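Breakdown of the fold
Take a look at the letters that make up each chain.
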Amino acid sequence: MSNRTFTMVKPDATRKGYTGAILDQIIKGGFSIKALKWIQLTKEQAGQFYDVHRERPFYPELVEFMSSGPIVAAILEKENAVADFRTLIGATNPANAAEGTIRKNFAASIGENAVHGSDSDENAAIEGDFFFSKLERF
Ligand code: CMP
């Protein structure tokens, strides 16, 4: 069990002005920010980040969407970070997300679902390394 996870506030949420409220909910949920970056991905970078989904029917839409505007990337720390963060954000499809979760509060659809959260310790490390150098995290 690692104590770190990786998140992105996705373009739908940054566009709607939800970044501050989402980061506030994350911090109030007990996570501390260990790295933070406001950045717009190119299509190539978004495609690389989501390479694991390359064969899925929604991959082109996902790449287009994730490069359509700025995102906020962050490394978060908390005991049991990966599992607890997935609880805090709620189900991938906001229609199934529990009351009070970030996706219930801020997401519009399964594609435009406001936030990303790593699904394992291994992916949390890979995803954090994708965005942040050693100098950019503490
Ligand atoms: P995320 O957890 O960031 O990782 C993969 C993303 O693919 C997921 O969030 C969703 O935003 C997206 N996704 C999953 N299923 C679908 C779908 N059926 N249609 C569009 N996007 C999807």
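The text that follows walks through the structure, step by step, so that each part is easy to find. Keep in mind that this is a model prediction, so the values were computed, not measured.

Analysis parameters
- Residues numbered from 1 in each chain as written.
- Predicted model: local features only at pLDDT ≥ 70, side-chain atom pairs only at ≥ 80, totals over all residues.
- Heavy atoms only, no water.
- Helix = DSSP H or I, 4+ residues; strand = E, 2+ residues; numbered from the N terminus.
- Buried < 20%, exposed > 50% of the residue type's maximum accessible area, 1.4 Å probe, protein only.
- Contact = heavy atoms within 4.5 Å.
- Core = buried A, V, L, I, M, F, W, Y, C linked by side-chain atoms within 4.5 Å.
- Phe/Tyr/Trp six-rings, centres within 6.5 Å; stacked < 30°, edge-to-face > 60°.
- Lys NZ or Arg CZ within 6 Å of the ring centre and 35° of its normal.
- Near = heavy atom within 4 Å.
- Polar contact = N/O pair within 3.5 Å; in protein donor to acceptor, adjacent residues only side chain to side chain.
- Areas by Shrake-Rupley, 256 points an atom, 1.4 Å probe, with all protein chains shown as cover.
- Nonpolar A, V, L, I, M, F, W, Y, C, P; charged D, E, K, R; others polar.

Turning our eyes to something else, we now look at the environment of Ala-107. Locating Ala-107 in the fold gives a position in the loop between helix 6 (102-106) and strand 4 (115-117). What makes Ala-107 buried here is its relative accessible area of 17%. Measuring from C-alpha to C-alpha, the distance between Ala-107 and Ala-81 comes to 21 Å, with 26 residues separating the pair along the chain. The contact partners of Ala-107, leaving out residues within four places of it in the chain, are Pro-94, Ile-102, Glu-112, Asn-113 and Ala-114.

For the rest of this paragraph, the subject is the nonpolar core. Among the nonpolar cores identified, the biggest contains 18 residues, and Ile-22, Ile-26, Phe-31, Phe-85 and Ile-102 are the most heavily contacted of them. For this core, the elements supplying multiple residues, two or more each, are helix 2 (19-28), strand 3 (71-77), helix 5 (81-89) and helix 6. Examining the composition of this core, we find that 4 residues originate from one element, helix 5, more than from any other. Leave out the neighbours within four places in its chain, and Ile-102 touches Ile-22, Gln-25, Ile-26, Leu-88, Ile-89, Ala-107 and Val-115. Core analysis: the next-biggest nonpolar cluster, separate from the first, contains 17 residues, Tyr-59, Val-63, Ile-71 and Phe-131 among them.

Let us now look at the packing of aromatic side chains. Under the criterion given, the structure shown has 9 aromatic pairs. When the centroid spacing of 5.0 Å and the interplanar angle of 55° are considered together, the rings of Tyr-18 and Phe-106 count as tilted. Highlighted residues: Tyr-18 in the loop between helix 1 (11-15) and helix 2 and Phe-106 in helix 6, separated in sequence by 88 residues. Ring centres of Phe-31 and Phe-85 lie 5.3 Å apart, and the angle between their planes is 85°; on these two criteria the pair is classed as edge-to-face. Of this pair, Phe-31 sits in the loop between helix 2 and strand 2 (32-39) while Phe-85 sits in helix 5, and the two are 54 residues apart along the sequence. The same class applies to Phe-31 as to Phe-85, namely buried. Sitting above the plane of the Phe-31 ring, Lys-78 keeps its charged end 5.7 Å from the centroid.

Taken together, Lys-10, Tyr-50, His-53, Phe-58, Glu-61, Leu-62, Thr-92, Arg-103, Ile-110, Gly-111, Asn-113 and His-116 make up the full set of residues near the ligand. Within the contact set of the ligand, an oxygen atom lies 3.4 Å away from a backbone nitrogen or oxygen of Gly-111. Protein contacts shield 80% of the accessible area of the ligand, which totals 450 Å² for the unbound molecule. When its residues are assigned to classes, the shell around the ligand shows 4 nonpolar, 5 polar and 3 charged.

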